[in-house]
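# Tertiary structure, described
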Amino acid sequence: MYSYNDFDAAFVAERNKQFRAQVQRRIDGSLTEDEFKPLRLMNGLYLQLHAYMLRVAIPYGTLNAAQMDQLAFIADKFDKGYGHFTTRQNIQYNWPKLTEVPDILDALAEVEMHALQTSGNTIRNVTADHFAGAAADEIADPRPIAELLRQWSTDHPEFQFLPRKFKIAVTGSPNDRAVTRAHDIGLRMVRNDAGENGFEVIVGGGLGRTPMVGKVIRDFLPVADLLAYVEAIVSVYNLLGRRDNKYKARIKITVHENGLETIRDMVESRFEQIKPGFTGFDQDLLAQIEHAFAPPAFKTAGTEGYEAARLANPAFRSWTDTNLTAHKNDDYAIVSVSIKKHGNTPGDATSDQMRALAQIARDYGHDELRISHEQNVILPHVHKSDLPAIYAALRAADLATANIGLVSDIIACPGMDYCALATARSIPVAQQIATRFDELKVEHDVGPLKIKISGCINACGHHHVGHIGILGLDRAGVENYQITLGGDGTEDTHIGERAGPGFAYDEIVPAIERLVLGYLDLRTDPEETFIQTFRRLGAEPFKAILYPEKEAQNAA
Amino acid sequence: MPRTFTPKVVTANALLEGDAVWLTEDNTWTRDMAKAELLTDEAHADLRLLEASARQDEIAGPYLADAKPTENGPAPTHFREDFRTRGPSNYPHGKQAEV
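Starting afresh in each chain, residues are numbered from 1 along the sequence in its written order. Chains carry letters from A onward and ligands carry numbers from 1 onward, assigned in written order. Thresholds applied to this predicted model are a pLDDT of at least 70 for local features of residues and 80 or more for the giving and counting of side-chain atom pairs; totals over whole chains, interfaces and linings are not thresholded and use all residues. The side-chain numbers reported here are obtained from all heavy atoms of the structure, hydrogens and water having been left aside.

## A look at the layout of surface pockets
Residue and element names in this part refer to chain A. Taken as a whole, the second largest pocket spans an internal volume of roughly 810 Å³. Grid points spaced at 1 Å and placed over the protein atoms alone form the basis of the search, with a cavity being a set where a 1.4 Å probe fits but cannot get out and a pocket an open set showing protein on both sides within 12 Å along at least five of seven lines. Lining residues have an atom within 4 Å of a point. Every residue lining the second largest pocket is counted, 37 residues in all, and those nearest its centre are Arg177, Glu374, Gly405, Lys450 and Thr490. Listing elements by their share of the lining of the second largest pocket, those giving two or more residues are α11 (314–323), β11 (324–326) and α17 (530–537). Per-class residue counts for the lining of the second largest pocket are ten nonpolar, 16 polar and eleven charged. Grid points are joined across faces, edges and corners, and a volume is the space filled by probe spheres set on the points. Each helix corresponds to a stretch of at least 4 residues labelled H or I by DSSP, and each strand to a stretch of at least 2 residues labelled E; elements are numbered beginning at the N terminus. Amino acids outside the nonpolar list (Ala, Val, Leu, Ile, Met, Phe, Trp, Tyr, Cys, Pro) and the charged list (Asp, Glu, Lys, Arg) are all regarded as polar, and Gly is one of them.

Here you go:
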């Protein structure tokens, strides 16, 4: 893992000192809220419905046990004993007091963490495949690039006042687990015919009120050119992006309005102009960073105990069936720890659970943890012989839910339970869907299905790319939920299509139940997943299930 | 016909805690919406908001929220404002825990 050098540590300390003084000036009345707001946002501090909220970056979703322990400490000392893992690999604290935020930032700095650029019109926390460095299908670990981008983008003087926020995601695998096509810039590692690694560069993707699938601006960019090319893109956007209309300010609109060809020409020209300035220092830095991400010393041991435990314990077997992913080392597995226990808030972990996860990572996981954009926690490197012990430890911490990728593994934004922008609640809808399917005992039969819920049009819950998306709106002063169908956030990114009229708060869970159970009658066999069935049949039969009255009228 | 004015309250977030507060008739901030001043006259409501906005060292983000009179005092009409009087629905945190 990357460790702060003297520059990083001094920079974060200096910023924290500045912010402490800014908070003091806000409290003593020298700064108005209008003056303070951009300053607090630069440090990840929001003001929400019921309290302040601090959004802490977990760069490319990677953290070690000491960092997780510190997140637990902060949750206990400054919050209400829990934290919320988000779809951007951040953790949010929902109840900090303004006076204590500088102390929280200092506590984060002790473990080389910060809340810089988790808000505001800057380049945000760079996200990455949560299986980076471990996945069997990976070309190379994308995290050194993500760390390079973090260092380059942090306090970059040219990019502190962009037209709007700017999100970059990077993956090193052909199977895209980082939703790169829904980012301002998506970087997908590819290998060319000469066997060299490079990046397919995707630009102008995004969800929100105008969802767009990103477009390929360069199909192969050598790694050595990456920083200059990304800088060229952001630079062109900084000049061309609209500042007259907040809703048209993202790069997806810039690309849409100007056309990909124009943007590409401008980016290439800017790239040629600035490239000579990148004289190799970035590559030296990258080499140092890559060194920090060297794989752990994998242990050699038998895996018979694992096989025996699978045979002996059906609950363990079920958990291994859903929560494990293939590791590049055959004797290892990637464990996804579900933070989606049925009925609980998606992405919320208590301080006790965080400490348990830290201890498991220390004991069995080469001291590494990841946060996924699907709001789960990953143990990326686990020897199979340790899985029974890990399962037991997870059970003791109430973290052994076997539902990864199933109906109840729902992404949900905080919605109107916390967020000042929300138009409806998301969390209770997610809780009720998960509880209902647990009662029905059908989710393993239903199989892989991604439900994603957003509490407003900004789409933090990624509803557009859910196989089933749910969007909570305010319709004439009442919560109303629109369903979208057929979305996909993988390398085949698709924006889901709206099914029809929305559902009231007390109708949405029955509607989802009808839809999912209806799919069971439509699929050709248990192997055909929801999204495959949808692609084969189209939306119509699903709409007929959702709106039976309309179907009856049509038949009459 | 002039548009009818719906009654309002002045509300904001407390500067230090960040929770919802409402402006009372005697110019204090209350955490109980029922104790807020119900504003039935548009010009007076605008004036009260202006006065509240000047109190930057106590609150952030003041605005006028729709409210209705009840026996106990002003009450919210929109679900968002209703949530602000209570707290989140997934945990017994916020104002509902303080009652």
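## Thoughts on the interface of chain B and chain A
Note on contacts: a residue pair is in contact if any heavy atoms of the two residues lie within 4.5 Å. Counting from both sides, the interface comprises 25 residues of chain B and, opposite them, 34 residues of chain A. Within this document, salt bridges are pairs made up of a side-chain nitrogen of Lys or Arg and a carboxyl oxygen of Asp or Glu, the two lying within 4 Å of each other. Where chain B touches chain A, the interface holds zero salt bridges. Polar contact is defined as a pair of N or O atoms within 3.5 Å, subject to the rule that within protein one atom must be able to donate a hydrogen and the other to accept it, and that residues adjacent in sequence are counted only when both atoms are side-chain atoms. Our enumeration of links across chain B and chain A arrives at 13 residue pairs in polar contact (both at pLDDT 80 or more). Looking at the side of chain B that touches chain A, the element that brings in the most residues is helix α2 (residues 79–86) of chain B, giving four residues.

## Details of the packing of helix α5 (residues 143–153) of chain A against helix α6 (residues 226–240) of chain A
Residues and elements named next belong to chain A. All axes are obtained by fitting lines to C-alpha atoms, using only the stretch in contact for helices, and the reported angles, taken between N-to-C directions, cover 0 to 180 degrees. Running from N to C, α5 and α6 point in directions that differ by 50°, and their axes come no closer than 11 Å. On the basis of their axis angle, the class for α5 and α6 is oblique. Once α5 is placed against α6, the crossing between them reads as right-handed. Contact with α5, carried on its side by Ile145, Leu148, Leu149 and Trp152, involves Leu226, Leu227, Val230, Glu231 and Val234 of α6 and no other residues of that element. Residue classes in the contact of α5 with α6 are distributed as eight nonpolar, no polar and one charged. Roughly parallel means an angle under 35 degrees; roughly antiparallel means over 145; roughly perpendicular covers 65 to 115; every other angle is labelled oblique. Crossing handedness is defined as follows: a turn of the near helix away from the far one that is anticlockwise and smaller than a right angle gives a left-handed crossing, while the clockwise case is right-handed.

## Describing the side chain of Gln70(A)
Residue and element names in this part refer to chain A. Among the structural elements, glutamine 70 can be located in helix α3 (residues 65–78). The cut-offs for exposure are 20% and 50% of the maximum accessible area for each residue type, with area from a 1.4 Å probe on protein chains only; residues under the lower value are buried, those over the upper are exposed, and the others partly exposed. Given a relative accessible area of 12%, glutamine 70 falls into the buried group. Here the side chain of glutamine 70 touches alanine 107 through a polar contact of 2.8 Å, landing on its backbone oxygen. In this structure the side chain of glutamine 70 is engaged in a polar contact, spanning 3.3 Å, whose partner is the side chain of glutamate 110.

## A word on empty space enclosed by the protein
All names here are of chain A. For the structure shown, the criterion picks out nine cavities of 30 Å³ or more. Approximately 150 Å³ is the volume attributed to the largest cavity. The wall of the largest cavity is formed by 14 residues, among which Met1, Pro59, Tyr60, Gln67 and Glu112 lie closest to the centre. Listing elements by their share of the lining of the largest cavity, those giving two or more residues are β3 (62–63) and α5. Taken together, the residues of the lining of the largest cavity break down into eight nonpolar, three polar and three charged. By volume, the second largest cavity is sized at about 70 Å³. Forming the boundary of the second largest cavity are Ala57, His114, Leu116, Gln117, Ile123, Arg124, Asn125, Val126, Arg150, Ser153 and Thr154.

## Some thoughts on the nonpolar core
Residue and element names in this part refer to chain A. Ranked by internal contacts, the top residues of the largest apolar core, which has 61 residues, are Met68, Leu71 and Trp319. Considering each element in turn, this core owes the most residues, seven residues, to α3. What marks off one domain from the next here is an automatic or database domain assignment. Each of domain 1 (6–110) and domain 3 (309–396) accounts for three or more of the residues forming this core. When neighbours within four sequence positions are excluded, leucine 71 is seen to be in contact with Ile58, Leu63, Ile91, Tyr93, Leu108, Met113 and Met354. Within this scheme, the nonpolar core is defined by two criteria: the residues are buried Ala, Val, Leu, Ile, Met, Phe, Trp, Tyr or Cys, and they are joined through side-chain atoms within 4.5 Å. Of all hydrophobic cores here, the second largest spans 48 residues; its members include Val126, Ile185, Phe278 and Ile289.

## Some thoughts on the sheet that holds strand β3 (residues 29–30) of chain B
Residue and element names in this part refer to chain B. With antiparallel pairing, the five strands of this open sheet are ordered in space as β3-β2-β1-β4-β5. Across the chains shown, the open sheet's two edge strands, defined by having one partner strand only, are β3 and β5 (73–76). Only strands joined by at least two bridges in the DSSP assignment are considered to pair. Relative to β3, strand β2 (residues 20–23) runs antiparallel, the two sharing two bridges. What sits directly across from tryptophan 22, in β3, is threonine 30. Against the sheet, helix α1 (residues 42–53) makes contact with β1 (8–14), β2, β3 and β4 (59–70), and its axis sits at roughly 145° relative to β4, the strand it touches most.

## Some thoughts on the pattern of salt bridges
Summed over all chains, the structure comprises 48 salt bridges over all chains. Two residues, Arg250(A) and Asp184(A), come together in a salt bridge whose shortest N-O distance is 2.9 Å. A residue pair is termed long-range when its members are at least 10 positions apart, and Arg250(A) in the loop between α6 and α7 (251–258) and Asp184(A) in the loop between β7 (168–171) and β8 (185–191) qualify at 66 residues. The two residues Arg250(A) and Asp184(A) agree in class, both being buried. Residue Glu51(B) pairs with Arg48(B) through a salt bridge whose shortest N-O separation is 2.7 Å. Here Glu51(B) pairs with Arg48(B), and both are found in helix α1, just three residues apart, close to one helical turn. By relative accessible area, which is 35% here, Glu51(B) ends up partly exposed. Sharing partners across several salt bridges, the network here consists of Asp141(A), Arg143(A), Glu368(A) and Arg370(A).

## A word on the domain arrangement of chain A
Residues and elements named next belong to chain A. Here chain A is partitioned into domain 1 (6–110), domain 2 (142–292), domain 3 (309–396) and domain 4 (411–555). Here the C-alpha centre of domain 3 lies 28 Å away from the C-alpha centre of domain 1. Domain 1 puts 23 residues into the contact, and the matching count from domain 3 is 20 residues. Summed over both partners, the interface of domain 1 with domain 3 comes to about 1,800 Å²; 57% of that surface belongs to carbon and sulfur atoms. Values labelled buried area give the accessible surface lost by two parts on being combined, using a 1.4 Å probe and summing over both. Summed over the three residues of domain 1 that lose the most area to domain 3, namely Ala65, Met68 and Phe85, the buried surface amounts to 31% of that side.

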